[in-house]
Each structure stands twice: as structure tokens, then as C-alpha cells.
Amino acid sequence: MANESAAHNREVLEQMRTIMRDAKYDQLGEVMHPDFVQVIPQSGERVVGIENFRKILEHITAGTGSGLGLDEAPYVAGSEEHYMLTPTFNVVKVADRGDEITSYVKTRYPDGSQWYIVTFFTFKDGLVSK
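What you see is a predicted model; the values in this text were computed from it and never measured.

Peer 1: Explain the overall build of the protein chain to me, and be specific about the residues and the numbers.
Peer 2: Helix and strand counts for the protein chain come out as 2 helices and 8 strands. Ordered by position from the N terminus, the helices and strands of the protein chain form the series α-β-β-α-β-β-β-β-β-β. Counting only residues that meet the buried cut, the protein chain has 33% of its 130 residues in that class. Taking the intrachain contacts of the protein chain between residues at least 6 apart in sequence as the baseline, contacts between residues at least 24 apart amount to 37%. About 8200 Å² of surface is accessible on the protein chain, with carbon and sulfur atoms providing 53% of the total.

Rendered as C-alpha cells:
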């Protein structure tokens, strides 16, 4: 049973990646729990609800003509003072333990620097809840 749950959760994350890559944010409800909360501890940000998360994604990718650029080359437009970026997020590793999944992602910033991001996903009722 635990393996089935883990396999389902990985499928949900893959679907979420596709939704974000293709900027089909209206489909986030298919993969995210209605009680979804995003916490970014290093900046103190807390996003409550799918609609608020969707609005942030739309703002980040506005004018780029694409989604978040998961596993794509970066798109940078503008000058050094003002720029817009579709970040490049390349999945390095995914580890799961039941209803908790950790992913390790590599991203590139407009200055060319590369960073690793660790994300922690919690599932509730088969959907991403945190």
C-alpha cells in the first residue's frame, strides 16, 4: 500500500511539473489540495490557497509566453537594471517516504550563477497540500 501511495504521489508531482512548465495554472486544482499552503522559510513567505499560488506563478511568468521553464533553457529579456526570467529548474533527484517527497532541483539565475533548491512536499488525500 505504501508503495502504491508513493507511486501515485510521484505521478502527481510529474503532473504538477507539466502544468507549471506549460503555464496551465488553471489546472493546479487537479494536483493541489484545497487546503494547500506554501512556506518559504528563508524569506518568511507563506502562500495560502491554490488561487494565491496561481497568481504568483502568473506574475512570475507574465510576458514570457511560457511557464516556469522546468527542464528548459532560460529566457531572459530586458537590460541589466530590469529583466524578466523564466527560470530553469532541472530536477536532479526525488526521494520519497510515503506522503512526503523531497526533490533536489538545480536552477540558473540571470547572472549565470547556478543554485540548488530543496523542496519538501506533503500529500493529503492524494494531492499536494504543503
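From this point, things continue past the structure.
Peer 1: Any chance you could break down the pattern of salt bridges for me, citing the residues and the numbers?
Peer 2: Summed over all chains, the structure comprises 6 salt bridges. A salt bridge links D35 to K124; the shortest N-O distance between them is 3.4 Å. Taken together, the positions of D35 in the loop between α1 (2-21) and β1 (37-40) and K124 in strand β7 (residues 114-124) put the pair 89 residues apart, joining distant regions of the chain. The partly exposed category is assigned to K124, whose relative accessible area is 39%. The partner of E58 in a salt bridge is R54, and the shortest N-O contact between them spans 2.3 Å. Taken together, the residues span about one helical turn, with E58 and R54 both in helix α2 (residues 50-61) at a distance of 4 residues. Overall, the relative accessible area of 34% leaves E58 in the partly exposed class. Salt bridges sharing partners connect three or more residues here, namely E51, R54 and E58.

Peer 1: Tell me about the pairing of strand β2 (residues 45-48), and name the residues and values.
Peer 2: Along any regular strand, the residues point their side chains to alternate faces of the sheet. Pairing analysis gives 4 bridges linking β1 to β2, with the strands arranged antiparallel. If you follow Q38 over to β2, its bridge partner there is V47. What sits between β1 and β2 in their antiparallel hairpin is a turn of 4 residues, with G44 showing a positive phi close to 80 degrees.

Peer 1: An account of the nonpolar core is requested, with residue identities and associated values reported.
Peer 2: Counting 18 residues, the largest nonpolar core has M16, L28, M32, F53 and V128 as its most contacted members. Residue assignment for this core shows that the elements contributing at least two residues are α1, α2 and β7. Ignoring anything within four residues of it in the chain, the contact list for F53 reads M16, M20, L28, M32, F36, Q38 and V47.

Peer 1: Before we move on, could you go through a nonpolar patch on the surface and cite the residues and values that matter?
Peer 2: Together, V92, Y104, Y116, V118 and F120 make up a nonpolar patch on the protein surface, roughly 550 Å² of accessible area in all. With 3 residues, the single largest contributor to the nonpolar patch is β7. Relative to the helices and strands, Y116 resides in strand β7. For Y116, a relative accessible area of 57% translates into the label exposed.

Reading guide: rules and limits
- Residues numbered from 1 in each chain as written.
- Predicted model: local features only at pLDDT ≥ 70, side-chain atom pairs only at ≥ 80, totals over all residues.
- Heavy atoms only, no water.
- Helix = DSSP H or I, 4+ residues; strand = E, 2+ residues; numbered from the N terminus.
- Buried < 20%, exposed > 50% of the residue type's maximum accessible area, 1.4 Å probe, protein only.
- Contact = heavy atoms within 4.5 Å.
- Areas by Shrake-Rupley, 256 points an atom, 1.4 Å probe, with all protein chains shown as cover.
- Salt bridge = Lys/Arg side-chain N within 4 Å of Asp/Glu carboxyl O.
- Pairing = 2+ DSSP bridges.
- Core = buried A, V, L, I, M, F, W, Y, C linked by side-chain atoms within 4.5 Å.
- Patch = residues over 30% accessible without salt bridge, like charges linked within 9 Å, V, L, I, M, F, W, Y side chains within 5 Å.

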